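A structural walkthrough
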Amino acid sequence: MNSYKTRHLNEEQLIRSVVDKTSIPLHLQHHLSECPKCLKSKNDLELKFIKIGETAKTLSPFPMKRPQLPPEKSKPEKSKIVRWRPVLVTAFTVLLVISGVLLSYLSRVPTESVFINDFSYEIWEDKMFMEEISFLAENALPLEYMEFLNESGLELDEDSIESVTSPKDIQSSSKNPKKKGDPLC
Amino acid sequence: MMTTKSEIAPNNRENGGSAGVLSLVKIAKQGNRNAFNRLIDLFHEDIFRMVYYRIQSRMDAEDITQDTFTRAFKNIDQLKTIEHFKSWLYRIAVNRVRDFYRKKKFRSLIGIFSENVEINENEISADGKENPNALEIAIRKDFWRQLEIAMECLSKMEKEIFLLRFFDHLGIREISQTLSKNESTVKTHLYRALAKLKDNSTLQNLYNKEIV
């Protein structure tokens, strides 16, 4: 009996019993259930907080709007969007590839002005070459021999050329093609 | 006057109706809108009050309640244990309230202020009275102001757990599921909150006042 009377719950144990009755030792739980004083202290403490909670509920307003669920979504629209996406991506990729190929091709092909310039230069070269050939054909022999032929009236054939020219003259003319009247040197 | 245990114990009404709630949650998980609408009927007042206790604005509380149920509807298929539906719903609401305060803090930093306690003239009080008179408005304002002052000594976690326990009537296990904390942590924070509030004079005044 003495242990029963002296073993009342202290403040800390009372608060713990309010939080959770099982958090205090078993003998104190037993005491709490049997001791009117401790039980009243515990109930008064707990009731204070419960009453404040009830007052808050009384002083809080009533909700005027009831929460509504979002509208149902229709599924076919989603599938349409999903179908178009790969088509658009593929078309865009193809366009990119084609434009890249075109750009690389255009950068290799020469421009019109360059082409024209090259072509006219080739024409000029051909013209000069033909003039050179015609000059050589008309002026096959050195100048002295040409003057002699014109005066003698001899025909220009191989025998007459050999009779007129000497081997030395032939060698020297081959070594030194730059003669007077030769426009290409 | 000695109060009985049943009056003091947390609200266990969900235990009596838990079978019905569980079956509704199970059907709602399969995409049944009617079942979810029924769940809204059961829980929307509790969620609204829970949000209102924390922000004291009816319009914002309605918006957050709507957002809570919208998110719950979209994500109910991710709920693993149907028995935890209530604490899962409260968790969504707690997170939405936190987001609300984050935005409010940001707005206050850039100079957009909002009244913390809104008393709209067109409000309907919990007892169904329309257009409360000036005295009732003053009592409400005074209560929330004093409660705010009394809970200033608590940390964020202590305040949240105290509100969930004594205002929202959740049990220790439900609070631990709502806040994703273990039960011993919840008990520790609740113990600290009660120890601080036990001898709080402001709270004592609130307790002693008779609210009509």
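Just so you know, these numbers come straight off a predicted model, no measurement behind them.

**Describing the overall build of chain B**
In terms of regular secondary structure, chain B is built from 10 helices and 0 strands. Along its sequence from the N terminus, chain B presents helices and strands in the succession α-α-α-α-α-α-α-α-α-α. Taken over 212 residues, chain B has a buried fraction of 46%. By sequence separation, contacts in chain B at least 24 residues apart represent 62% of the contacts at least 6 residues apart. Surface accessibility of chain B: about 11,500 Å² in total, with carbon and sulfur atoms responsible for 50%.

**Details of the overall build of chain A**
In terms of helices and strands, chain A carries 9 helices and 0 strands. Along the chain direction, N to C, the helices and strands of chain A fall in the order α-α-α-α-α-α-α-α-α. For chain A, with 185 residues in total, the buried portion stands at 21%. For chain A, the share of sequence-separated contacts (at least 6 apart) that also reach a separation of at least 24 residues comes to 40%.

**Here we look at the layout of surface pockets**
All names here are of chain B. Counted as a void, the second largest pocket has a volume near 720 Å³. Secondary structure elements with two or more residues in the lining of the second largest pocket: helix H3 (33–55), helix H5 (85–109), helix H6 (134–150) and helix H7 (156–166). In terms of residue count, the dominant contributor to the lining of the second largest pocket is H5 (7 residues). For the lining of the second largest pocket, the per-class residue count stands at 10 nonpolar, 2 polar and 10 charged.

**Focus on the interface of chain A and chain B**
Between chain A and chain B, the contact holds 38 residues from the first and 52 residues from the second. Both faces combined, the contact of chain A with chain B buries some 4,700 Å², and carbon together with sulfur accounts for 69% of it. When residues of chain A are sorted by the area they lose upon contact with chain B, Phe49, Leu59 and Leu69 of chain A head the list and together hold 15% of the total. At the boundary of chain A and chain B, one finds 4 salt bridges. Here Lys187 of chain B makes a salt bridge to Asp20 of chain A, at a shortest N to O gap of 2.6 Å.

**Focus on unusual backbone geometry**
With phi around 50 degrees, Gln56 of chain B is a residue other than glycine that occupies positive phi space. As for its position among the elements, Gln56 of chain B is in the loop between H3 and helix H4 (58–75).

**Quick look at empty space enclosed by the protein**
This structure, assessed with the given rule, holds 1 cavity of 30 Å³ or more. For the largest cavity, the calculated volume is near 40 Å³. Lining the largest cavity, in full, are Lys51, Ile52 and Thr55 of chain A together with Phe143, Leu206 and Tyr207 of chain B. Among the elements of the structure, helix H4 (36–59) of chain A together with helix H10 (201–208) of chain B are those that each provide at least two residues to the lining of the largest cavity. For the lining of the largest cavity, the element with the most residues is H4 of chain A, which contributes 3 residues.

**As for the confidence of the model for chain A**
Reading fine detail from the predicted coordinates is not recommended where pLDDT is low. Averaged over every residue, the pLDDT of chain A is 77; the share at 70 or more is 63%. Per-element confidence in chain A is highest for helix H2 (residues 11–19) of chain A, whose mean pLDDT is 93, and lowest for helix H1 (residues 2–6) of chain A, whose mean pLDDT is 50.

Thresholds, definitions, all that
- Residues numbered from 1 in each chain as written.
- Chains lettered and ligands numbered in written order.
- Predicted model: local features only at pLDDT ≥ 70, side-chain atom pairs only at ≥ 80, totals over all residues.
- Heavy atoms only, no water.
- Helix = DSSP H or I, 4+ residues; strand = E, 2+ residues; numbered from the N terminus.
- Buried < 20%, exposed > 50% of the residue type's maximum accessible area, 1.4 Å probe, protein only.
- Contact = heavy atoms within 4.5 Å.
- Areas by Shrake-Rupley, 256 points an atom, 1.4 Å probe, with all protein chains shown as cover.
- 1 Å grid on protein atoms, 1.4 Å probe; cavity = no way out; pocket = protein on both sides within 12 Å on 5 of 7 lines; lining within 4 Å.
- Points joined across faces, edges and corners; volume = space filled by probe spheres on them.
- Nonpolar A, V, L, I, M, F, W, Y, C, P; charged D, E, K, R; others polar.
- Buried area = accessible area lost by both parts, 1.4 Å probe.
- Salt bridge = Lys/Arg side-chain N within 4 Å of Asp/Glu carboxyl O.
- pLDDT = per-residue confidence, 0-100.

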